[in-house]
Amino acid sequence: MVLSDRSIRRALEAGRIVVSPLGDSAVQPASIDVRLDRNILVFRNSRKPYIDVRKDLEDLTELVPIDDDEPFILHPGEFVLGSTFEHIEIPADLVARLEGKSSLGRIGLLIHSTAGYVDPGWKGHLTLELTNVANLPITLYYGMKIGQISFSQLTEAAEQLYGSAELGSKYQGQTEPTASRVYRDFNKL
């Protein structure tokens, strides 16, 4: 069951769902609009000959801030990481889904490749996987509406929440775009 605007507002008021700061008119019929934060994580392709998923990739990326007056230009075929302006928290009995805004999708902007699923227990800013599939560059502005998050009720509260030590969650509490930490999966083998 997907939560309606009424259910979302009640959950926000009760503090069960946290979206902070909540933008004006952010609550939609069955979702909440989220905005783009200032920092973009850009891949510096000249630093390595390939991506080795078993190694830490922190040195493969560089944080680039979006100025107040000038946009970040996302070129055709380019892939960067951004994050939501909002801090988001999901309770134990809900799961969330991040989707792009249809108006942006219609010009070729994708906001996630596979990371649209937000587990119960999540706390932090969501990393966005931004890709331009259009033939022309697309401008990205700090604070622009970039996506929407919807919420679904679980059959019962999750036993182990995202962020619990047993799960080895890699991104809990992030405040800016975060490079892949897939290499940590290989440390467990």
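(A) Representation of the layout of surface pockets within the structure. Space inside the largest pocket adds up to approximately 610 Å³. Residue lining of the largest pocket: 29 residues in total, with Ala-115, Thr-127, Glu-129, Tyr-171 and Gln-174 positioned closest to the centre. The set of elements that each furnish at least two residues to the lining of the largest pocket consists of β6 (79-83), β10 (117-118) and β12 (127-132).

(B) Spotlight on unusual backbone geometry. Between Ser-20 and the following residue, Pro-21, the backbone shows a cis peptide bond with an omega angle of 0 degrees. Mapped onto the fold, Pro-21 is located in the loop between β1 (18-20) and β2 (32-35).

(C) Expanded view of the packing of aromatic side chains. Within this structure, the stated rule accounts for three aromatic pairs. Both rings, one in Phe-43 and one in Phe-79, keep their centres 5.6 Å apart while their planes meet at 40 degrees; by these two values the pair is tilted. With Phe-43 in strand β3 (residues 39-43) and Phe-79 in strand β6, this pair connects stretches of sequence that are 36 residues apart. Both rings, one in Phe-85 and one in Tyr-142, keep their centres 6.0 Å apart while their planes meet at 75 degrees; by these two values the pair is edge-to-face. Here the residue Phe-85 occupies a position in the loop between β6 and β7 (87-89), and Tyr-142 occupies one in the loop between β13 (138-140) and β14 (145-153), the gap between them amounting to 57 residues. Positioned above the aromatic ring of Tyr-142, the side-chain terminus of Arg-38 is 3.8 Å from the ring centre.

(D) Representation of the side chain of His-125 within the structure. Positionally, His-125 belongs in the loop between β11 (123-124) and β12. A residue is classified by how much of its surface remains accessible, and His-125, at 12% relative accessible area, is buried. One polar contact links the side chain of His-125 to the main-chain carbonyl oxygen of Phe-85, over a distance of 3.4 Å. Within the local environment of His-125, its side chain forms a polar contact with the backbone oxygen of Glu-86, the two atoms lying 3.3 Å apart. Residues within four places of His-125 in sequence aside, it is in contact with Asp-37, Ser-83, Thr-84, Phe-85, Glu-86, His-87, Gln-174 and Thr-175.

(E) Region of interest: the sheet that holds strand β4 (residues 61-65). Strand order in this open sheet of five strands is β4-β3-β6-β12-β9, and the pairing throughout is antiparallel. Of all the strands in the sheet, the pair left with one neighbour each is β4 and β9 (109-110). Bridging between β3 and β6 involves two bridges; their strand directions are antiparallel. Each residue of the ladder has a partner; that of Val-42, found in β6, is Val-80.

Quick notes on the rules
Residues numbered from 1 in each chain as written. Predicted model: local features only at pLDDT ≥ 70, side-chain atom pairs only at ≥ 80, totals over all residues. Heavy atoms only, no water. 1 Å grid on protein atoms, 1.4 Å probe; cavity = no way out; pocket = protein on both sides within 12 Å on 5 of 7 lines; lining within 4 Å. Points joined across faces, edges and corners; volume = space filled by probe spheres on them. Helix = DSSP H or I, 4+ residues; strand = E, 2+ residues; numbered from the N terminus. Phe/Tyr/Trp six-rings, centres within 6.5 Å; stacked < 30°, edge-to-face > 60°. Lys NZ or Arg CZ within 6 Å of the ring centre and 35° of its normal. Buried < 20%, exposed > 50% of the residue type's maximum accessible area, 1.4 Å probe, protein only. Polar contact = N/O pair within 3.5 Å; in protein donor to acceptor, adjacent residues only side chain to side chain. Contact = heavy atoms within 4.5 Å. Pairing = 2+ DSSP bridges.

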